[in-house]
Amino acid sequence: MLRHYIFISLFVLISVSMIAQPVVVVHGGAGNYKPEELPEVFKKEYFRFMNQLLDSASKWLNNGATALEVVTKVVMMLEDCPLFNAGKGAVLNSKGEVELDASVMDGKTLKAGAVACVKHVKNPVLLARKVMENTSHVLLVGEGAEAFAKELQLEMVDNSYFITPESIEKFTKWKEKLKTGGTVGCVALDVYGNIAAATSTGGLIGKKWGRVGDTPIIGAGTYADNNYAGVSCTGYGEYFIRNSVAYDVIAQMKYANKPLTESAKYVINNTIKNQGGYGGLIAIDKQGNVVVEYNTTGMHYAYIDKSGKKIIKE
Ligand code: ASP
């Protein structure tokens, strides 16, 4: 009888703590490219990679991984994939070097971590997570961030590791339209109802060295709050910083009671667009609705929604 009772209580406890249907959305940057003009080799590899990424993320979430664990792992995989402007394959700055920015935010605790201008950390998003969990700070930059990474024995690489033949080609023709992937990001809702967001980038091609974009700025490129939504942005970072885009999406929901679709549309297609800025964002609200909004001709994104439907957009 007692065993029976314990078993039922445990079952109820587990089902109550695992309430939400997990949802995951990722992006690989927004830009003024024509999807139909993307090189076939890129598209083939992109679809294969995104498909595998979504399958892994959904398996982890369904097995009880937290949103924070999933966004970190997904963005690390995107950083390791040379198709995107983050980690390996990132764009070059005006000195011909790679400088990386990344951030992560946990919507459960509102804790956040970020790094900027790192040149030797293989996975900047992992370092951002360590800043969040192992320090009382939010943002570490440059040499200080790298010294912290070494202290933690994170994997360090030579700057040349990030540079691929494609990044050199992109750099030489950097005035041409973006023909491959861009900044990366991920937002996830886990089975416990937690939302987390992470973003990682090499920034704008040909940027001044030392320039920091919106990606590592909490509230500009990344934000998450379990009570509202999680957001990861991409685009012309200076506009996203000046307009606190990721937080503005949440603020409209919080103070004006707007649904996520409307607040995302407003900031991307009014605020940013009217100022001449370009870009987009991915987001998930606490009900598990996925929103992708952009004012460019293209945006690379993929998601599995709450009904289990999988979408991959080149
Ligand atoms: N937002 C990034 C930055 O300005 C670049 C991008 O998303 O394409 O650094």
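1. With respect to the pairing of strand β9 (residues 279–285)
No. 1: By the criterion of burial, β9 is predominantly enclosed, with 7 of the 7 residues buried.
No. 2: Of the pairings in the sheet, the one linking strand β8 (residues 229–235) to β9 comprises 7 bridges and is antiparallel in character. Within β9, the position partnered with glycine 235 by the bridge is glycine 279.
No. 3: Sheet analysis places β9 next to strand β10 (residues 290–294), joined by 5 bridges and oriented antiparallel. Residue leucine 281 lies in a different strand from β10, and its bridge partner there is glutamate 293.
No. 4: Once β9 ends, the chain turns through 4 residues before running back antiparallel as β10, passing glycine 288 with a positive phi of about 90 degrees.

2. What to know about the packing of helix α4 (residues 124–134) against helix α5 (residues 142–151)
No. 1: Following both chains from N to C, one finds α4 and α5 inclined at 80 degrees, their axes separated by 11 Å at the closest point. Judged on the interaxial angle alone, α5 and α4 are roughly perpendicular. In this structure, α4 contributes Leu127, Lys130, Val131 and Asn134 to the contact, and α5 contributes Ala145, Phe148 and Ala149.
No. 2: The residue makeup of the contact of α4 with α5, split by class, is 5 nonpolar, 1 polar and 1 charged.

3. Regarding the site of the ligand
No. 1: The environment of the ligand is made up of Thr183, Gly203, Leu204, Arg211, Gly213, Asp214, Thr215, Thr234, Gly235 and Gly237.
No. 2: Take threonine 183: an N or O atom from its side chain is 2.7 Å from an oxygen atom of the ligand.
No. 3: Side-chain polar atom of arginine 211 to an oxygen atom of the ligand: 2.7 Å apart, as the coordinates give it.
No. 4: Considered on its own, the ligand offers 270 Å² of accessible surface; in the complex 95% of this is hidden by protein.
No. 5: Class assignment of the residues belonging to the shell around the ligand gives a composition of 1 nonpolar, 7 polar and 2 charged.

4. Examining unusual backbone geometry
No. 1: Even without being glycine, cysteine 117 reaches a positive phi, approximately 55 degrees.
No. 2: Looking at the element boundaries, cysteine 117 is found in strand β3 (residues 111–118).
No. 3: For cysteine 117, a relative accessible area of 13% translates into the label buried.
No. 4: If you check the backbone angles, serine 244 has positive phi at about 40 degrees while not being a glycine.
No. 5: Checked against the element boundaries, serine 244 lands in the loop between α7 (237–242) and α8 (245–256).

5. Considering the packing of aromatic side chains
No. 1: As enumerated under the stated definition, the model contains 10 aromatic pairs in all.
No. 2: Measuring from centroid to centroid gives 5.1 Å for tyrosine 161 and phenylalanine 162, while their planes differ by 75 degrees, and the two rings are edge-to-face.
No. 3: An aromatic cluster is defined as three or more aromatic residues linked by ring pairs; in this entry it consists of Phe42, Tyr46, Phe47, Phe49 and Phe84.
No. 4: Sitting over the ring of tyrosine 239, arginine 242 keeps its end group 4.8 Å from the ring centre.

6. A short note on the sheet that holds strand β7 (residues 222–225)
No. 1: Spatial ordering of the open sheet is given by β7-β8-β9-β10, a layout of 4 strands whose pairing is antiparallel. The sheet is open, and its two edges are formed by β7 and β10, each paired on a single side. Taking each pair of neighbouring strands and ignoring which way they run, the sheet shows an average axis angle of 10 degrees.
No. 2: In this fold α8 packs onto β7, β8 and β9, with an angle of close to 145 degrees to the strand it touches most, β8.
No. 3: The strands that helix α9 (residues 260–274) touches are β8, β9 and β10; relative to β10, the one it contacts most, it runs at about 15 degrees.

7. Observations regarding the confidence of the model for the protein
No. 1: When pLDDT is averaged along the protein, the result is 92, and 90% of the positions lie at 70 or above.
No. 2: Between residues 11–16, whose pLDDT stays under 50, and residues either more than four places distant or in other chains, the model counts 0 contacts.

8. As for the pattern of salt bridges
No. 1: What the rule picks out here adds up to 8 salt bridges.
No. 2: Between lysine 122 and aspartate 80 there is a salt bridge, and its shortest N-O distance comes to 3.4 Å. Here aspartate 80 lies in helix α3 (residues 67–80) and lysine 122 lies in the loop between β3 and α4, a separation of 42 residues in the sequence.
No. 3: Taking the relative accessible area as the measure of exposure, lysine 122 reaches 14% and is therefore buried.

9. A closer look at the nonpolar core
No. 1: Counting 53 residues, the largest nonpolar core has Val24, Met50, Val70, Val74, Phe84 and Leu127 as the members making the most contacts within it.
No. 2: At 9 residues, helix α2 (residues 40–62) tops the list of elements feeding residues into this core.
No. 3: The contact partners of valine 24, leaving out residues within four places of it in the chain, are Leu54, Ala57, Leu61, Cys186, Val187, Ala188, Ile284, Ala302, Tyr303 and Ile304.
No. 4: Among the nonpolar cores identified, the runner-up in size contains 35 residues, and Ile195, Leu281, Met299 and Tyr303 belong to it.

Criteria and thresholds
Sequence order as written defines residue numbering, which begins from 1 separately in each chain. In keeping with the model being predicted, local features are shown solely for residues with a pLDDT of at least 70 and side-chain atom pairs are shown and tallied solely at 80 or more, while totals for entire chains, interfaces and linings include all residues. To get the side-chain values, all heavy atoms of the structure are used, and hydrogens and water are removed first. For the exposure calls, accessible area comes from a 1.4 Å probe over protein chains only, and a residue counts as buried if that area is under 20% of its type's maximum, exposed if over 50%, partly exposed in between. Helix and strand assignments follow DSSP, with helices taken as H or I runs no shorter than four residues and strands as E runs no shorter than two, numbered in order from the N terminus. The pairing criterion for strands is at least two bridges between them, as found by DSSP. Under this scheme, a helix contributes an axis fitted over its contacting stretch, all axes are lines through C-alpha atoms, and angles between N-to-C directions fall in the 0 to 180 degree range. For this classification, under 35 degrees means roughly parallel, over 145 means roughly antiparallel, 65 to 115 means roughly perpendicular, and everything else is oblique. Contacts are assigned to residue pairs that have any heavy atoms within 4.5 Å of one another. Side-chain classes follow a simple rule in which Ala, Val, Leu, Ile, Met, Phe, Trp, Tyr, Cys and Pro form the nonpolar group, Asp, Glu, Lys and Arg form the charged group, and the remainder, Gly included, forms the polar group. The near set for a molecule or strand comprises every residue that places at least one heavy atom within 4 Å of it. Distance and chemistry together define a polar contact, namely a pair of N or O atoms within 3.5 Å, with one atom able to donate a hydrogen and the other to accept it when in protein, and with adjacent residues in sequence counting only for side-chain atoms on both sides. Working definition of accessibility: Shrake-Rupley area with a 1.4 Å probe, residue cover restricted to the visible protein chains. Working definition: a ring pair exists when centres of Phe, Tyr or Trp rings (six-membered ring for Trp) sit within 6.5 Å. Plane angles under 30 degrees give stacked, over 60 give edge-to-face, the rest tilted. Placement of a charge over a ring requires the Lys NZ or Arg CZ to be within 6 Å of the ring centre, with the centre-to-atom vector within 35 degrees of the ring normal. pLDDT measures how confident the predictor is about each residue, on a scale from 0 to 100. Throughout this description, the term salt bridge denotes a Lys or Arg side-chain nitrogen within 4 Å of a carboxyl oxygen of Asp or Glu. Take the buried Ala, Val, Leu, Ile, Met, Phe, Trp, Tyr and Cys residues and link them wherever side-chain atoms come within 4.5 Å; each set so joined is a nonpolar core.

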